[in-house]
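These are the residues of each chain, in order.
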Amino acid sequence: MSITKHKNGVTYPSLLNCMFSVIIPLYNKAAYIEKALKSVLNQSFHEFEVIIVNDGSTDNGVHIVEYFLRSQQQEGNISVKEHVRIINQQNKGVAIARNNGVNAAKYEYIAFLDADDWWHKHYLAEMKQLIDKYPDAALYGSSYYQVKHEQRVKAEIGVNPDFKMGYIDYCKVYAKTLCMPVWTSAAIIRKPIFQEEKGFKPRLKLGEDFDLWIRVALNHKVALLNKPLAFYNHDVDIKTRGVRNTDLYQPEEHYIFNLGYLESKERNNAALKTLLDALRVYVLLPYYLNKPTREAALYELDKVAWEQQPLKERIRYRSPIGLLRLHSQLMQIGSRAKQFVKHGTK
């Protein structure tokens, strides 16, 4: 067996025996889990295990999985029972569910898939090729489609159109479009690196993936395959969404309020500073408009290098709060009306 040595001194076995542990957190996704699971079991690359972590679901999602495992001896060329196992836990949130799945994983390469998303059948095969070609990376991703109203659009990741695959400057790429270059359902991480970084932070309910990927990217290489091989489902019932669209998260639950540990790196890393400031400006407006969270939002906004921000954003944040709130409400009403006209009469 050949050995690949990472810069931090950790050794890894030969990629010729590359195998994946696929972690699927499941919480009230009965309508979607079978499609997600089948997209894994129908992969053209068969060296993997699937760990479904039932996070205290209150619907029949886990029963659908159990019935599928009992009734399907074979899915494509895969022996279903040999590849899939279920871990049950009380409802503790997606971060802990994923962490527990990784802890139970047998293999070095950890692939994540949310229960309402799905993969192209060659996803693992092509990601293995990416790993083979760029073995020094700790984190790997492919580009992906965003699916909304049954229409799929390639995510606008900030790489050049002619970029095929290779190592990326994660912060620079992310800052160009604010579209995640490594999205969780199209991400693979080495288990030793995941453990070294102590996984997803349990207290975060929004952006726990951003928080982990940025920690990894600042200390290790990231490789990207610019080919859409995963599908990000935006057509999910709003009641089952992991990310709420209407309610505001408490600051302690939201990644944007919990990046103090990056302050020293932010001062010395221009690309990181550009990315974090752009995210602050983009994300914090509803918290700025909400009186109970305004002070916390202002604390974060004070960190922004405003001279580097677009003129429209500087004007926006200098406008009277009442006017901003009215504009935000009108935009929401307009968006809902547009969606009703487009889809509500079908």
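Residues numbered from 1 in each chain as written. Predicted model: local features only at pLDDT ≥ 70, side-chain atom pairs only at ≥ 80, totals over all residues. Heavy atoms only, no water.

Caption draft 1: Seen up close, the pattern of salt bridges. Under the definition given, this model contains 20 salt bridges. One salt-bridge network, held together by shared partners, links Glu263, Glu266, Lys273, Asp277, Arg280, Glu300 and Lys303. (Salt bridge = Lys/Arg side-chain N within 4 Å of Asp/Glu carboxyl O.)

Caption draft 2: Examining the packing of aromatic side chains more closely. On inspection of all chains with the given rule, the structure shows 20 aromatic pairs. Taking the centre distance of 4.6 Å and the plane angle of 25 degrees together, the rings of Trp183 and Tyr232 count as stacked. Residue Trp183 is located in the loop between α6 (170-177) and β14 (187-190), and its partner Tyr232 is located in strand β16 (residues 230-233); the two are separated by 49 residues in the primary sequence. A relative accessible area of 5% places Trp183 in the buried class. Consider the rings of Trp306 and Tyr317, whose centres lie 5.3 Å apart with planes at 55 degrees: the pair is tilted. Remark: Tyr317 occurs in helix α13 (residues 311-318) and Trp306 occurs in the loop between α12 (291-301) and α13; sequence separation between them is eleven residues. Relative accessible area serves as the criterion here: at 23%, Trp306 is assigned to the partly exposed category. For Tyr317, a relative accessible area of 10% puts it in the buried group. Aromatic rings pair up to connect Phe112, Phe194, Phe200 and Trp213 into one cluster. Between the NZ or CZ atom of Lys35 and the centre of the ring of Trp118, over which it lies, the distance is 3.6 Å. Over the face of the ring belonging to Tyr145 we find Arg152, whose NZ or CZ atom lies 4.5 Å from the ring centre. (Phe/Tyr/Trp six-rings, centres within 6.5 Å; stacked < 30°, edge-to-face > 60°. Helix = DSSP H or I, 4+ residues; strand = E, 2+ residues; numbered from the N terminus. Buried < 20%, exposed > 50% of the residue type's maximum accessible area, 1.4 Å probe, protein only. Lys NZ or Arg CZ within 6 Å of the ring centre and 35° of its normal.)

Caption draft 3: Inspection of helix α4 (residues 94-104) at higher detail. Of all the positions in α4, only Ala95, Ala97, Arg98, Asn99, Gly101 and Val102 are classed as buried. Of the surrounding secondary structure, the elements contacted by the buried residues of α4 are β3 (20-26), β4 (48-55), β7 (84-89), β8 (109-112), α7 (191-196) and α8 (208-217). (Contact = heavy atoms within 4.5 Å.)

Caption draft 4: Region of interest: the sheet that holds β16. With respect to topology, four strands assemble into an open sheet ordered β9-β16-β11-β12, the strand pairing being mixed. This sheet does not close on itself; its edge strands, each paired only once, are β9 (118-119) and β12 (151-154). Both β9 and β16 contribute to a ladder of two bridges, which runs antiparallel. If you follow Trp119 over to β16, its bridge partner there is Ala230. (Pairing = 2+ DSSP bridges.)

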